[in-house]
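Topology and contacts: notes
Chain by chain, the residues:
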Amino acid sequence: MNVKDCMNHHVIALEPEESVAVASRLMARHNVGALPVRARDGSLCGIVTDRDVVLRCVALERSPQETTVARVMTDRVASVPPTASLSQAAAILSREQVRRLPVVEGRRIVGMVSLGDLSHREETAMEAAEALSEITANVKQL
């Protein structure tokens with residue numbers, strides 16, 4: 001089974017010029033903790049998470065309405081192609097210490113896959129649990 005078989009095909013993406021307020025409203029409306037950021041040419045250029053919003057905007061007392069996504073997003077983004085195996089995706093999630101991966105075909109964002117998606121699959125449930133355990137252990141060390 002490949003990533004394309006379990007990824008979320010409905011992707012809400014932002015452009016870097018959008019405000020953090022817009023990003024936060026989209027996360028709340030769609031009940032997600034991360035949104036991919038795409039450049040004007042449609043390619044993936046970053047990801048903004050709820051944690052990015054808190055640490056790089058709110059905690060620094062910046063205005064969410066006036067702060068752009070580009071100022072708070074993570075620009076080094078791990079991604080996975082839709083043809084990757086679920087085991088490969090779990091390995092990337094674990095190695096990168098993230099819970100979500102944009103799925104990119106060519107340069108275009110075509111989906112998102114999460115630890116939760118992998119945990120619902122029998123063949124990757126154990127790998128997803130191990131990845132989550134490693135991520136949680138690293139967060140507790142901070």
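One can find the structure itself at the top, above this paragraph.
Anyway, here's the lowdown on the structure attached to this text. (Residues numbered from 1 in each chain as written. Predicted model: local features only at pLDDT ≥ 70, side-chain atom pairs only at ≥ 80, totals over all residues. Heavy atoms only, no water.)

Description of the overall build of the protein chain
Scanning the protein chain from N- to C-terminus turns up six helices and four strands. When the helices and strands of the protein chain are placed in sequence order, the string is α-β-β-α-α-α-β-β-α-α. A total of 142 residues make up the protein chain; the buried ones form 39% of that total. Of the contacts formed within the protein chain by residues at least 6 apart in sequence, a portion of 56% connects residues at least 24 apart. For the protein chain, the exposed surface amounts to about 8,100 Å²; the carbon and sulfur share of it is 49%. (Helix = DSSP H or I, 4+ residues; strand = E, 2+ residues; numbered from the N terminus. Buried < 20%, exposed > 50% of the residue type's maximum accessible area, 1.4 Å probe, protein only. Contact = heavy atoms within 4.5 Å. Areas by Shrake-Rupley, 256 points an atom, 1.4 Å probe, with all protein chains shown as cover.)

Some details on the pairing of strand 1 (residues 34–38)
Of all five residues making up strand 1, four are buried, and the element is well covered by its neighbours. As paired strands, strand 1 and strand 2 (residues 44–49) are joined by five bridges and run antiparallel to one another. Bridge assignment links Pro36 to a residue of strand 2, and that residue is Ile47. From the end of strand 1 to the start of strand 2, which pair antiparallel, there are five residues, and Gly42 there has a positive phi angle of about 90°. (Pairing = 2+ DSSP bridges.)

Comments concerning the environment of Pro36
If you trace the backbone, Pro36 turns up in strand 1. Through-space distance from the C-alpha of Pro36 to that of Val48 is 6.4 Å; in sequence the pair is twelve residues apart. With near-sequence residues (within four places) excluded, Pro36 lies in contact with Val11, Ile12, Ala13, Leu14, Leu44, Gly46, Ile47, Ile109 and Met112.

Comments concerning the side chain of Ser19
Counting through the fold element by element, Ser19 comes out in the segment before helix 1 (20–30). Judged by its relative accessible area of 14%, Ser19 falls in the buried class. One polar contact links the side chain of Ser19 to the main-chain amide nitrogen of Val22, over a distance of 3.1 Å. Those residues in contact with Ser19, other than ones at most four positions away along the chain, are Pro64, Gln65, Thr67, Thr68 and Val69. (Polar contact = N/O pair within 3.5 Å; in protein donor to acceptor, adjacent residues only side chain to side chain.)

Regarding unusual backbone geometry
With a phi angle near 60°, Glu61 is a residue other than glycine that sits in the positive phi range. Looking at the element boundaries, Glu61 is found in the loop between helix 2 (50–58) and helix 3 (69–72).

Regarding the layout of surface pockets
When its volume is computed, the second largest pocket comes out at roughly 260 Å³. Lining the second largest pocket are 15 residues, with Asn8, His10, Val32, Ala34 and Met112 positioned closest to its centre. Only strand 1 and strand 4 (108–114) provide two or more residues apiece to the lining of the second largest pocket. Its residues assigned to classes, the lining of the second largest pocket shows eight nonpolar, five polar and two charged. (1 Å grid on protein atoms, 1.4 Å probe; cavity = no way out; pocket = protein on both sides within 12 Å on 5 of 7 lines; lining within 4 Å. Points joined across faces, edges and corners; volume = space filled by probe spheres on them. Nonpolar A, V, L, I, M, F, W, Y, C, P; charged D, E, K, R; others polar.)

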